[in-house]
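Per-entry structural report
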Number of protein chains: 2
Amino acid sequence: MTYCVALRLDRGLIFMSDTRTNAGVDNVSATRKMKTWAVTGERFITVLSAGNLATTQAVMSLLDERSLAPAERDPSILQAPTMFQVARLVGQTLREVIADSAADNGQQADSTFSGTLILGGQIAGQEPRLFLIYPEGNFIEAVDEAPFVQIGETKYGRPILVRVFDPSMSFEEAVKLLYVSMDSTIKANLSVGPPLDLQIYESDTLDPPKARRIPGDDPTFRAISNGWGDALRQAFDVLPDVDLND
Amino acid sequence: MTYCVALRLDRGLIFMSDTRTNAGVDNVSATRKMKTWAVTGERFITVLSAGNLATTQAVMSLLDERSLAPAERDPSILQAPTMFQVARLVGQTLREVIADSAADNGQQADSTFSGTLILGGQIAGQEPRLFLIYPEGNFIEAVDEAPFVQIGETKYGRPILVRVFDPSMSFEEAVKLLYVSMDSTIKANLSVGPPLDLQIYESDTLDPPKARRIPGDDPTFRAISNGWGDALRQAFDVLPDVDLND
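The notes below deal with the structure included here. (Residues numbered from 1 in each chain as written. Chains lettered and ligands numbered in written order. Predicted model: local features only at pLDDT ≥ 70, side-chain atom pairs only at ≥ 80, totals over all residues. Heavy atoms only, no water.)

A look at helix 4 (residues 171-188) of chain A
Given a rise of 1.5 Å per residue, 18 residues ought to cover 26 Å, and the 26 Å separating the end C-alpha atoms of helix 4 of chain A matches this to within 8%. Burial within helix 4 of chain A is extensive, with 13 of its 18 residues counted as buried. (Helix = DSSP H or I, 4+ residues; strand = E, 2+ residues; numbered from the N terminus. Expected span 1.5 Å × (residues − 1). Buried < 20%, exposed > 50% of the residue type's maximum accessible area, 1.4 Å probe, protein only.)

Comments concerning the pattern of salt bridges
A side chain with one charge can pair with a side chain of the opposite charge if their charged atoms come near. Per the counting criterion, the structure on display carries 24 salt bridges over all chains. Taking the shortest distance from any N to any O, the salt bridge between Lys35(A) and Asp64(A) comes out at 3.4 Å. Highlighted residues: Lys35(A) in strand 5 (residues 34-39) and Asp64(A) in helix 1 (residues 53-68), separated in sequence by 29 residues. Residues Lys176(A) and Asp241(B) are paired through a salt bridge, measuring 3.3 Å at the closest nitrogen-oxygen approach. Residue Lys176(A) is located in helix 4, and its partner Asp241(B) is located in the segment after helix 5 (219-238); the two belong to separate chains. (Salt bridge = Lys/Arg side-chain N within 4 Å of Asp/Glu carboxyl O.)

A few points about empty space enclosed by the protein
According to the stated counting rule, one finds 4 cavities of 30 Å³ or more in the structure shown. Along the wall of the largest cavity there are 14 residues; nearest its centre are Pro159(A), Ile160(A), Pro159(B), Ile160(B) and Leu232(B). Considered class by class, the residues forming the lining of the largest cavity number 11 nonpolar, 3 polar and no charged. Here the second largest cavity is characterised by a volume of approximately 60 Å³. As for the second largest cavity, its lining consists of Ser184(A), Lys187(A), Ala188(A), Pro159(B), Val162(B) and Arg163(B). Of all elements in the fold, only helix 4 of chain A together with helix 3 (158-164) of chain B reach the threshold of two or more residues within the lining of the second largest cavity. Looking at the lining of the second largest cavity residue by residue, the classes come out as 3 nonpolar, 1 polar and 2 charged. (1 Å grid on protein atoms, 1.4 Å probe; cavity = no way out; pocket = protein on both sides within 12 Å on 5 of 7 lines; lining within 4 Å. Points joined across faces, edges and corners; volume = space filled by probe spheres on them. Nonpolar A, V, L, I, M, F, W, Y, C, P; charged D, E, K, R; others polar.)

Some words on the interface of chain A and chain B
Tallying the contact residues gives 42 residues for chain A and 42 residues for chain B. Three residues stand out in chain A for area buried against chain B, namely Arg163(A), Phe236(A) and Leu244(A), and they jointly supply 22% of the buried area on that side. Counting across the interface, chain A meets chain B through 6 salt bridges. Taking the shortest distance from any N to any O, the salt bridge between Lys155(A) and Glu153(B) comes out at 2.8 Å. Linking chain A with chain B are 16 residue pairs in polar contact (both at pLDDT 80 or more). (Contact = heavy atoms within 4.5 Å. Buried area = accessible area lost by both parts, 1.4 Å probe. Polar contact = N/O pair within 3.5 Å; in protein donor to acceptor, adjacent residues only side chain to side chain.)

Below you can see the structure in the form of structure tokens.
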């Protein structure tokens, strides 16, 4: 499993992913699930991935090769005119890779080749946009009513997002929110684990944003993880009491 | 879907279940998922159910008939000498009902006949015990390290249980905790909904405990549901700040 989440804030986009990858519980490793393409001043694109690692790595490599090898630059996510077209290209690539792995080749093929992606980015002169791309290659966009997207193990970390997310948040607050959401998931699902990858994109900078890696023993992450239990208990205490005699 | 949860406290057992049942999103109804058998002064048994409603209702009816019809009273959950034996009987009944529905009868049979149960209770002279019973009829018991059990849509409501549960809680606090856990689930999954059923069993009373039904507009439940968002935001604010310049 995996947990990746991205928020659409008034001031930009923010992405976080865990790094744990596993084939069974006895084959555990760490891998980066976040990849960025950028042309300074022109466009910024980040993709987060969950699902079969062979599938998602193949998708990333294909997107990479198409964006790097001049002869194959058409279609390229670095040339697509809008983020919608980028999403179509990424979705199509995902769908092709899954179909290719699952094609009848004398071996048993099943749904374990599946994958899901988060795509976010901005192209000069256009708004930043954020998408959730399904294995079938189609996708939905984060909108005002649903301004964040999650893939992988999404449930444990969702209630806090639903309750606390506010599009006017600062980046610092948003990182804190993602830490709490990620921590709730890590505490509940062994297949989600640190270090965490974080990327913050400020709207209209069109600059490859600094990618950060947060180790599991990062002091702030640890303080938030440890503090959240106490904070929750305090929050719980201020709730109205239940009267069992009524 | 469904959400049922039970806690093993120092002072007794506490059970909560939602009542929504649905076959698709266009066929929604309400049903009680909690059933109690009791012989005052001798034993108290409560079962909560999630999964296929035909399966779980059949299980309840079979347990009922076996406990009511004198000729069929052996084996009966009212005669089993220990809670462990009660769990075996309940598990066996569940497994039989699923196998019966899934047996080849010329129709297509699949896993939708499945069901999962929570069983809790006490027999005179023994400790109260709490079990989670799987479709295969086997089961696990709530222990000190894992003192609560959940079935159905378990993920959204789990982080708050993990963080706040304390076996020394009062029943009032425990009900508040279950309200919050249930509310997080109801907010996230349409197939979980009020009214809620609640049962509180105080250890060694061996008395059929009062079953309560909490309507969706219960003032305390509403106050806790509404207050939890604010309380969470306050809890969030007291967490250490993130410094993005380090």
